[in-house]
Amino acid sequence: MIKIFINRPIAVLMFFLAVFVTGMMSLRRLPLELTPEVSYPKLSVATQWPNSSAEMVEAYVTAPIEAVANTIANVRKVDSISDEGNSTVNIELTREANPDFAALELNEKLSVIRESLPFGTSPPKIQKYVPKEFQSGEFLTYHLFGNYTPLEVRQYALKNMRGPLMGIKGVADVQVYGGQDEEIHIILDRGKLKLFGLTVEQIQRTIREMAVEETVGRLYRGAYKFELVVRNPLTSVEEIARAQILMPKNLFVHISDVAKVERSVQDVRQIGRINGNPAVIIQIFREPGTNVIQVADRVFAKIAELKKKFPPSLELIKERDQSKRIRKELRDLSVRALFSVIVIFFVLLIFLRRFRMPLIILSTIFFSVLLTINFFYAAHIGLNLLTLAGLSLGFGMLVDNAIVVLDSIHRHWQKGIPVAEACAAGTSAVALAIVAATLTTVAAFIPFLYLTGELRLYYIPFVAAVGLSLMSSLLVAFTLIPSLSHQLLIREFTLTADFERSGLLDQKLRNFYEKTLRWILRHKIIVLLVTIFCFWGSYKLFDKHVTKGSIWAWGEETYIAIWARMPSGADIETTDQLARFFEEKLKQQQGVEKFYTRVTNETAYIRVTFPDSLIFSAVPLIVKENMTAAATQLAGMVVGVYGFGPGFYSGGGGSTPSFRLKMLGYNYNQVKKYAEFVGQRLKRNVRVRNVDVSSSGFGWGDDRREILLSLNRGNVAKYHLTNVEVLNQLRNYLRENLAWQKLKINGREFAYKIKFKGFQHFTLRDLQNVPIRSASGESVRLKHLAEISERKVMSRIVREDQQYQRWITFEYRGPYKLGDRLIESILKTSHFPPGYELERATWMFMKKEEKKQIYQVLALSILLVFMVTAALFESLRQPFIVILTIPLALIGIFLIFYLTATNFDRSAYIGVVFLSGIVVNNAIILVDHINAVRKLEKDRRTAIITGAADRVRPILMTTATTVFGLLPLVLFSHEEKSIWFSLALATIGGLIASAVFVLTVIPILYDWLAKNLDLRRGLS
């Protein structure tokens, strides 16, 4: 088979030309995305019930939805979060569940309870869950702001920007958030209503009937039928004022006689500003499967065109750009690829001492990648961060098979064998070993298919990229390398000076290794004891000094965050005054690039950013200190000023709370009590500051209060009223309105509210004296119908597997490792009754279930590697020699993480699994060749030395090319939190250690096993 490729160079040329053409076509057609389109078996149901406490939300919204969620098929776990005005229920499904079908079933069952949810509750919205690693954020987000009213800014965005942006190819949707919409207010005069004897319900009914649009029946004309549609569209707000209400004795009263009808703006629920000017958010969504960069470029071109028509003082700032990261990843990939190719070329040149031969080997990278791209296109695998990283990670490995084949061909040719026979014999000699080595690497990845949850989505695309690229490299090594080698060597009739020098250097390396190996085989015990000591010592260093986990990082941007909370019950106008106080201070600061303000009823948040040129200067620290000083002037509220990013980490500024603990239990009050106890223990440590004990970990505590209205059923019935009638009459006195009532005027929808005059200043005393009228005309004050009281409620209720949870966050001033030890000591010395437990926050590292899966994958990988090598060697004992390279490789992993002071995170665990299929390759090639030499050499010791010496050069070359191919992932990773940084680091450390111990310890183990009679019989 190999001779076919050697003797038909034009056929080989045409084949790889076809690979090139189809590969380039596939590359153009593959979608380019930041993250893969994943389908994780988890759903979330989001529901809003504005202005309702967390307890009310949990009792009347969350609990019914949870009950429904537990009835759908293939449910594994249900968790919920009840916030003030918001409910979120997370449903985790079993692996075999189809999220789309589950969403349909859930939607059908939720439709049954939709009507029973409280009045004013938004329809439950079912969303697919996206793991944190895949949350790449919005595609494109802009802030539009200027010296205009919030209404004007929002209207400009809706009228002049949303439509043109929606028309761009590849844009799925454009949403505008913030600002204010127009609203129609019907302000009732209670005195006039009483004078005319009218009720609010009569006015409400009149307004609804004005804009009625419905089908009332059908008309027939011969064989044709027509729908009879009633439409009475409104053309102006004045029509509402002129509307007539029928009175007794056929008299009419205009709405304007009892109410004032005006166009106004909706009540402000949230305020957004940039540099003190009103701002709205324009969020652009991309169609799935489209090219991120191409769609982004179309959007940028359209926005540049729209900006030319902007009115004065209106500005547009790009806040988030998903394409920016993918562009950076592509640039980094190009730099890594170029670096890898150059380094690999020089490594091969040093070993081969021949200019053309490294070029032959490097060509395998090019064609292996193109062939892999073709496989991607056929398998509908897109190009994204994971698959590109898989290709980048495999760069150095792609040449391994080619190196071994070319080295074997070269050695056969140097023995004087004709070129064609040397190419065929050299390739055949290593074919079985190369196939086995590649299969062990691929086999080590097979267990990834059995991962569940986020780990499966996280690494399957990466595994597919590495696996397909390795199989491509195997095909290229067996076709292109023999053909090109034949064309190169056929022109060399005699050994050149270059080859003579290469042979001289090889002989020196061979002599040195043979001498060393003889000494090793004479002192087996000493070498093995040193190896055991290296393993034990490196593990101790690793266990004591290397942090197992990931430090929580807030990104690369340097910024200041100002958080402020007003006392419970504060309105948005009062909170906004506090925000404006800080805005005025920031306007006076030098070096501030931009500050974004977000205000809600009781909280204000200001994010302050700086120009890149000032990030590492003293400016961020000075601004932070000035804002902290301003915060100390305020009383009666909670204000926090924090600095984030490298500008503060390097300058000694404040940082985010670096540790979190989670308290779990079935009784909320007990959970709170135990969490406060842990908080007090933490405060005793002088290095601990900013201990925060709250129900959510991100909230402001549990000091929320609500007004409780308890209707007396007996008194309500006594006055011939119902509870619904009482509540309906109350709504018109209150500022907020939970019911979304709409009117169409000139084809445009407006929300409208019917309120009593003075509703903006309605107080608790006013509430007690509200007159409630019955259908018979009787009037009674509310305080005679209900008991009105105030009570404390929780700000957030979080349940996980029916357990309440409370987060404990704190900041540790000192090395992260010491803070990690403090966490461990708190966990070990804290004891709670059954049903209550304290645990480390899972977002900082792997979940217990994930770690268990990783261990299972590692065990299965080793088992599969054993099976492949057993099949290769036709032996059940020799595979143990190969498998032992895995623990030997751990020495390098332990040491490299200790020496570089890098955290051993989830990616590092995957690196160990990754290594289990790689480090055995050298051992397979070594043992396979020793077996072949032993068939010719009777003396066991001589066969071991000769066989091992023959494989020194390819082992060193493959190790060097793989290590140098991985170096860019370490050298060019600007942040250690990169998902591939620790994986590449683990692989580099393991490969270096395995190369050393494969050439020293494996011959010892082989020598011992060879003494066994069963092994001798297997080799005979």
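Given the structure is predicted, the values throughout are model-derived calculations rather than measurements.

Trainee: Before we move on, can you summarise the overall build of the protein chain with the specific residues and values?
Mentor: For the protein chain, the helix and strand inventory stands at 36 helices and 30 strands. Buried positions account for 51% of the 1020 residues belonging to the protein chain. Look at the contacts in the protein chain between residues 6 or more apart in sequence, and 79% of them connect residues 24 or more apart.

Trainee: So what about the pairing of strand E11 (residues 251-254)? Which residues, and what values?
Mentor: Pairing of strand E10 (residues 244-247) with E11, which is carried by four bridges, proceeds in the antiparallel orientation. In the sheet register, Met 247 faces E11, and the bridge partner there is Leu 251. The antiparallel hairpin formed by E10 and E11 contains three residues in its connecting segment, where Lys 249 sits at a positive phi of about 60 degrees.

Trainee: So what about helix H34 (residues 952-971)? Which residues, and what values?
Mentor: Between the first and last C-alpha of H34 there are 28 Å, a value that for 20 residues agrees with the 28 Å anticipated at 1.5 Å per step. With respect to burial, H34 is a largely interior element, 16 of its 20 residues being buried.

Trainee: Hey, could you go over the packing of aromatic side chains for me, with residue numbers and the actual values?
Mentor: In this description, an aromatic ring pair is defined by two values, namely the gap between the centres and the angle between the planes. One pass over the structure, following the stated rule, counts 17 aromatic pairs. Note on Phe 366 and Phe 367: the rings are 5.2 Å apart at their centroids and 80 degrees apart in plane angle, and the pair reads as edge-to-face. For Phe 367, a relative accessible area of 17% puts it in the buried group. By way of ring pairs, the aromatic residues Phe 535, Tyr 539, Phe 542, Phe 894, Phe 897 and Phe 904 are connected into one cluster. The side chain of Arg 660 reaches across the aromatic face of Trp 807, ending 4.0 Å from its centre.

Trainee: For the nonpolar core, give the residues involved together with the corresponding values.
Mentor: Generally speaking, nonpolar side chains in soluble globular proteins are found buried as a group. Core analysis: the largest hydrophobic core is formed by 80 residues, its most contacted members being Phe 897, Phe 904 and Phe 914. Ranked by residues supplied to this core, first place goes to helix H35 (residues 981-1010) with 17 residues. Listed in part, the 71 residues of the second largest apolar core include Leu 30, Leu 32, Val 295 and Leu 474.

Trainee: Would you mind going over the pattern of salt bridges in detail, with residue names and values included?
Mentor: With the rule as written, the count across this model stands at 22 salt bridges. Put simply, Arg 273, Asp 576, Arg 580 and Glu 583 are held in one network by salt bridges that share partners.

Trainee: So what's going on with the side chain of Asn 921? Residues and values would help.
Mentor: With respect to the helices, strands and loops of the structure, Asn 921 is situated in helix H32 (residues 920-934). A relative accessible area of 13% places Asn 921 in the buried class. Leaving out residues up to four positions away in the same chain, Asn 921 has contacts with Ala 437, Thr 440 and Thr 441.

Trainee: Break down the sheet that holds strand E7 (residues 182-188) for me, with residues and values.
Mentor: Taken in spatial order, the four strands line up as E12-E7-E24-E23 in an open sheet, and their pairing is mixed. Each having just a single partner strand, strand E12 (259-265) and strand E23 (742-745) make up the two edges of the open sheet. Direction aside, the axes of adjacent strands within the sheet are offset by 35 degrees on average. In this sheet, strand E24 (residues 748-756) lies alongside E23 in antiparallel orientation, the contact comprising four bridges. Bridge pairing links Lys 742 to Ala 751 in E24. On the sheet, helix H7 (residues 200-210) packs against E7, E23 and E24 and is oriented at approximately 170 degrees with respect to E24.

Cut-off values and rules
Residues numbered from 1 in each chain as written. Predicted model: local features only at pLDDT ≥ 70, side-chain atom pairs only at ≥ 80, totals over all residues. Heavy atoms only, no water. Helix = DSSP H or I, 4+ residues; strand = E, 2+ residues; numbered from the N terminus. Buried < 20%, exposed > 50% of the residue type's maximum accessible area, 1.4 Å probe, protein only. Contact = heavy atoms within 4.5 Å. Pairing = 2+ DSSP bridges. Expected span 1.5 Å × (residues − 1). Phe/Tyr/Trp six-rings, centres within 6.5 Å; stacked < 30°, edge-to-face > 60°. Lys NZ or Arg CZ within 6 Å of the ring centre and 35° of its normal. Core = buried A, V, L, I, M, F, W, Y, C linked by side-chain atoms within 4.5 Å. Salt bridge = Lys/Arg side-chain N within 4 Å of Asp/Glu carboxyl O. Axes fitted to C-alpha atoms, helices over the stretch in contact; angles between N-to-C directions.

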